[in-house]
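Residue-level listing of the chains:
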Amino acid sequence: MVLTLFFFAALSCIFTLGSSLGTTCNVPLSTGTAASSDPYWLESLTHQGIAAFNADPGSYKVFRNVKDFGAIGNGIADDSAAINLAISSGGRCGGANGVNNACNSSTVTPALVYFPAGTYLVSTPVQVYYYTQLIGDAKNLPTLLAAPSFEGLAVIDADPYIDGGNGNQWYANTNSFFRSIRNLRIDLTQTPPESAATGIHWQVSQSTSLMNVVVDMSTAPNTGHRGLFMENGSGGYMGDLVFNGGKFGMWVGNQQFTVRNVTINTTQNAIFAAWNWGWTFQRVTITNCQVGFNLTTGGLNQETQTVGAEAIIDAVVYNTPIFIQTSHASSSLAGSLVLNNIQLANVETAVGVLDGTVILPGGTMTIDSWGQGNVYSGTSPTGVFTQGDIVAANKSSVLLDGSGHIFGKMHPQYESYAVDQFVSVKDHGAIGDGVADDTAALNDIFAKFSGCKIIFFDAGTYVVTSTLTIPAGTQMVGEAWSVIAGTGSAFQDAFNPTAIVRVGEYGSTGIIEISDIVFSTIRPTPGAIVVEWNVAQPDDVQGGAGMWDSHIRLGGAAGTDLNATSCPAGSYAFNDCTVAFLALHLTCGSTAYLEGTWAWVADHDLDGDGASQISLYSGRGILSESAGPVWLVGTGSEHHAMYQYNLVNAANHYMGLIQTETPYYQPMPPSPLPFTVNDDFNDPSFDWRMSSALGLRIATSTDIIIFGGGLYSFFKNYRQECLDTRDCQAHIASIDSASSVTIYSLNTVATTYQLTIDGVGVVEESSNVNGFASIMTAWSPASA
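Read on for a plain summary of the structure. Residue indices begin from 1 for each chain and proceed along its sequence in written order. Per-residue local features are limited, in this predicted model, to residues with pLDDT of at least 70; the limit for side-chain atom pairs, both in listing and counting, is 80 or more; totals at the level of whole chains, interfaces and linings are taken over all residues. With hydrogens and water stripped out, all remaining heavy atoms of the structure feed into the side-chain values.

1. A closer look at the overall build of the chain
Thought 1: Note on conventions: DSSP H or I runs of at least 4 residues are helices, E runs of at least 2 residues are strands, and numbering of each starts at the N terminus. Helix and strand counts for the chain come out as six helices and 51 strands.
Thought 2: Taking the principal axes of the C-alpha coordinates as reference, the chain spans close to 65 × 65 × 55 Å.
Thought 3: Only protein chains enter the accessibility calculation, which uses a 1.4 Å probe; a residue whose area is less than 20% of its type maximum is buried, one above 50% is exposed, and one in between is partly exposed. Split into buried and exposed, the 784 residues of the chain put 65% on the buried side.
Thought 4: If you take every contact in the chain between residues at least 6 apart in sequence, the share linking residues at least 24 apart comes to 72%.
Thought 5: Accessible surface area values rest on a Shrake-Rupley calculation with a 1.4 Å probe, where residue burial reflects the displayed protein chains alone. Surface summary for the chain: the accessible area is close to 24,400 Å², and the carbon and sulfur share equals 51%.
Thought 6: Note that His is not counted, nor are the chain ends; the positive residues are Lys and Arg, and the negative ones are Asp and Glu. Every charge is mapped to an atom, namely NZ of Lys, CZ of Arg, CG of Asp or CD of Glu. Separation between the mean location of the 26 positive side-chain charges and that of the 63 negative ones in the chain comes to 3 Å. Residues count as neighbours in contact if any of their non-hydrogen atoms are within 4.5 Å of one another.

Set out below in structure tokens:
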């Protein structure tokens, strides 16, 4: 009966509409026309962006070319001071005040710092301020060359330690948002090999990304070089990275992260992990290293936290003696592992222990699906500790690339396109000052230029007061996270919700590429569907409908009037502080490739003191009714009242790693309050057993793969005693028995049950404690 219902639901979602082509062209934009000698388009574009809520938006510069600040880029002159001046000028958020940090966060001083092609010698760290994009020429990657005399923690430092600060840093590591680095090469080879020279210190949180970065290090036997160093934080996404040489390609410790498409060559330890709750690695290539993954394991409580879980899919490992090495043997749970589609060539040990014990022999072979940890199936409450084969999820062919790997697609860079193939929204009537109504201007721009030009949203806040439709066929890119914000009477009726941004008309197919955009609301909007995603990819373009490094941010920022003054924590000001009906809706028949997307209801004020908690109310996080393919790569959804992810009548989804947090105010009021259940949107039901939002709900859905999840509950009505008793809420992941779902590497915090089936708690969190979080290595509906 379930399959029949799903079949008819799918029939009702068949698409009939093609791409919309703007009125300014007869054929769609296809290939780029830039000559090889042309500068990258971002360098040549006229930059008109503003920081709408800066104290002096007229003079504040968002776009900064480092050469305009004195950088030479010849590999001889020391460009450290010039680069840091380009980043810091304009009273931006960063630095220290004595032994304390000077600024927790700010949204009013964004910056895109651009590096033209060249070699930039640096002798001290490039310090990345809050709300900064560092972007190099994508056609010819600029090089940051560390001088032989380089002094500092890393060539690029996203969270500097304060001198004399007893470990204090510029930013709180779990609130260090909105940073991106892309299109750079970092060269450490002139520094002493034995030094701990580091490419990037990347202690960051959500809404951050690294992409298209190469780090070159010494290959000397005594090398101490590190490509990436991360000791703390709560991320996050990174991808399309290359590390050559060094002692460590990646030295990492962070609550959770998603890493896609990383290549590591001739490194002693490709990836060293000191601690985590759970990480997902998708598509890793390791060549001629000594150890692939070197994992510190053995800790089973918060005080001894080590690596909680690693989930690795689609790895290729060549000529590396040991693929995975743990510091301690596991005979219960410490150090959960999931390996899926791992291809080994001349790898002696697939999984081993530092003392020489071999858990899984290697060779030249493929590991289909193997795990270490507690494995569950069906409604059995008892897990089986396993070091061996585990359930192999059914991977629909629509989710796979031509090599049989989970499909991935890099953030569009448009490096082959000429500057005249772009159009600025400010050149065609949009204002972006956070006050003017830009609805008509933007709709007109899409009507004229969608499919004809790549639409550039100059930095700013673009206010819309009725639905803004982005037609199928549109490619659009922002600047330092340009904001589209809905406000006004059109978004007030929670019983008749309306989309702020509609991506494609219902039933449309075509290319959609959205990057570097924030979707938001201003003042109360209880009837707002922030983003309604209707479009499906063309049949011949896998991942053709996608969004990269773009986020839904609700409240907590200057200009929203939803902050610590108007909505302080515990105020229960529902009428004044309701920010959305639904954050993101993937409608029936749509397809989506989302990479790094974060749907966040602010729990604290990003401006002001950057720390004060606030109470804001959004009904729903991410709802998918799509029959797929859908790829959710490194996504997060936090603080929505009913759920963070809800899949209903959905199919063919790959989700890894997903991360959620329950609203801090719950259960006061309990879910679904202050909203009501709406069957038209397939809301879950709530009773006394379920008084807090679900992190994940799946109903009547097929072929869903969760490859890494972090579902967290940190508070009960802003108090945290429940962390000690691991019962901040009762249920956090709910699946019905009609769905076909495979879950790998699910870590949860402070929920009585990690998994609930048909409304009944099945897997108890207390059975899987693995440090601060609890880890369920795998679950499937029936025994594999």
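2. Re the pairing of strand E41 (residues 630-638)
Thought 1: Most of E41 is tucked away, with nine of its nine residues classed as buried.
Thought 2: DSSP calls a pair of strands paired once it identifies at least 2 bridges connecting them. Pairing between strand E37 (residues 592-595) and E41: four bridges, direction parallel. Residue pairing in the sheet places leucine 594 in a bridge with leucine 632 of E41.
Thought 3: Where strand E38 (residues 598-601) lies against E41, three bridges are found, and the strand directions are parallel. Each residue of the ladder has a partner; that of tryptophan 600, found in E41, is glutamate 638.
Thought 4: With eight bridges connecting them, E41 and strand E43 (residues 651-661) associate as parallel partners.

3. Digging into the packing of aromatic side chains
Each aromatic ring pair is summarised here by two numbers: the centre-to-centre distance and the angle between the ring planes.
Thought 1: Geometry of aromatic contacts follows a simple scheme: Phe, Tyr and Trp rings, the Trp one being its six-membered ring, pair when their centres are within 6.5 Å, and the pair is stacked under 30 degrees between planes, edge-to-face over 60, tilted otherwise. As enumerated under the stated definition, the model contains 41 aromatic pairs in all.
Thought 2: Taken together, a centroid distance of 5.8 Å and an interplanar angle of 90° make the contact between phenylalanine 293 and phenylalanine 323 edge-to-face. Of this pair, phenylalanine 293 sits in strand E18 (residues 291-295) while phenylalanine 323 sits in strand E20 (residues 322-326), and the two are 30 residues apart along the sequence.
Thought 3: According to the relative accessible area criterion, phenylalanine 293 is buried, its value standing at 0%.
Thought 4: In this structure phenylalanine 323 comes out as buried when scored by relative accessible area, which is 0%.
Thought 5: Each residue in the set Tyr129, Tyr130, Tyr131, Trp170, Tyr171, Phe177, Phe178, Trp481, Trp598 and Trp600 is aromatic and connected to the rest through ring pairs, giving one cluster.
Thought 6: Across the ring face of tyrosine 171, the terminal group of arginine 179 is positioned such that the distance to the ring centre comes to 4.8 Å. Whether a charge lies above a ring is judged from NZ of Lys or CZ of Arg, which has to be within 6 Å of the ring centre and within 35 degrees of the ring normal.

4. Considerations on helix H3 (residues 80-88)
Thought 1: When H3 is considered as a whole, its buried residues turn out to be Ser80, Ala82, Ile83, Asn84, Ala86 and Ile87.
Thought 2: Following H3 by one or two positions, glycine 90 adopts a phi angle in the positive range, close to 100°.

5. Brief notes about helix H4 (residues 439-449)
Thought 1: Residues of H4 that are buried include every one of Thr439, Ala441, Leu442, Ile445, Phe446 and Phe449, and no others.
Thought 2: Contacts made by the buried residues of H4 are with strand E24 (422-424), strand E25 (433-437), strand E26 (454-457), strand E27 (461-464), strand E28 (468-470) and strand E29 (475-486).
Thought 3: Glycine 451, located one to two residues past H4, shows a positive phi value of around 80°.

6. Some words on the nonpolar core
Thought 1: Side-chain atoms within 4.5 Å are what join buried Ala, Val, Leu, Ile, Met, Phe, Trp, Tyr and Cys residues into a set we call a nonpolar core. Ranked by size, the top nonpolar core spans 219 residues in total, and within it Ile156, Trp202, Met250, Phe323 and Trp533 carry the most contacts.
Thought 2: Among the elements that line this core, the one with the most residues is strand E17 (residues 269-287), at eleven residues.
Thought 3: In terms of nonpolar packing, the next biggest core, distinct from the first, is built from 21 residues, Val391, Ala393, Ile406 and Phe707 among them.

7. Looking at the environment of tyrosine 417
Thought 1: With respect to the helices and strands, tyrosine 417 occurs in the loop between strand E23 (384-389) and E24.
Thought 2: Placed 382 residues apart in sequence, tyrosine 417 and alanine 35 show a C-alpha to C-alpha distance of 8.6 Å.
Thought 3: Once residues lying within four places of it in the same chain are set aside, the contact partners of tyrosine 417 are Leu29, Ser30, Thr31, Gly32, Thr33, Ala34, Trp41, Phe422 and Ile454.
Thought 4: Of the polar contacts made by the side chain of tyrosine 417, one reaches the backbone oxygen of serine 30; its length is 2.5 Å. Definition of a polar contact: a pair of N or O atoms within 3.5 Å, with one able to donate and the other able to accept a hydrogen when the atoms are protein atoms, and with sequence-neighbouring residues admitted only if both atoms are side-chain atoms.

8. Here we look at the state of the cysteines
Thought 1: The definition used for a disulfide is geometric: two cysteine sulfur atoms within 2.5 Å. Scanning the entire structure with this criterion turns up four disulfides.
Thought 2: Note that cysteine 25 is cross-linked by a disulfide to cysteine 452, the S-S spacing being 1.9 Å. Disulfide cysteine 25-cysteine 452: torsion about the S-S bond near -75°, hence left-handed. Here cysteine 25 is found in the loop between helix H1 (2-11) and helix H2 (41-44), whereas its partner cysteine 452 is found in the loop between H4 and E26, with 427 residues between them in sequence.
Thought 3: Sulfur-sulfur distance for the disulfide between cysteine 567 and cysteine 577 comes to 2.0 Å. Classification of the bridge connecting cysteine 567 and cysteine 577 rests on its S-S torsion, roughly -100°, and on that basis the disulfide is left-handed. Of this pair, cysteine 567 sits in the loop between strand E34 (551-554) and helix H5 (574-577) while cysteine 577 is found in helix H5, placing the two residues ten residues apart along the sequence. As far as the burial class goes, cysteine 567 and cysteine 577 line up, both buried.

9. Quick look at the environment of valine 291
Thought 1: Structurally, valine 291 can be placed in strand E18.
Thought 2: Judged by its relative accessible area of 9%, valine 291 falls in the buried class.
Thought 3: Residues valine 291 and threonine 46, spaced 245 residues apart in sequence, show a C-alpha to C-alpha distance of 48 Å.

10. Re unusual backbone geometry
Excluding glycine, residues mostly have negative phi values, and the peptide bonds linking residues are mostly trans.
Thought 1: Of note, the amide linkage connecting glycine 656 to leucine 657 takes the cis form, showing an omega dihedral of -20°.
Thought 2: Between leucine 673 and proline 674 the backbone carries a cis peptide bond, its omega angle lying at 5°.
Thought 3: Counting through the fold element by element, proline 674 comes out in the loop between E43 and strand E44 (694-699).
Thought 4: For asparagine 288, which is not glycine, the phi torsion reads 55° and is therefore positive.
Thought 5: The residue asparagine 288 is located in the loop between E17 and E18 in this model.
Thought 6: Backbone geometry places arginine 726, a non-glycine residue, at a positive phi of 55°.

11. A closer look at the side chain of serine 176
Thought 1: Inspection of the secondary structure puts serine 176 in the loop between strand E10 (156-157) and strand E11 (179-187).
Thought 2: Only 2.3 Å separates the side chain of serine 176 from the side chain of arginine 179, close enough to count as a polar contact.
Thought 3: Those residues in contact with serine 176 that lie beyond four places of it in its chain are Tyr130, Tyr171, Gln203, Val204, Ser205, Gln206 and Thr208.

12. Looking at the pairing of strand E42 (residues 643-648)
Thought 1: With respect to burial, E42 is a largely interior element, six of its six residues being buried.
Thought 2: With three bridges joining them, strand E40 (residues 622-624) and E42 adopt parallel strand pairing. When the sheet's bridge partners are listed, isoleucine 622 is paired in E42 with tyrosine 645.
Thought 3: Bridge analysis of E42 against E44 gives five bridges, and the strand direction is parallel. Looking across to E44, one finds that tyrosine 643 is bridged to leucine 694.

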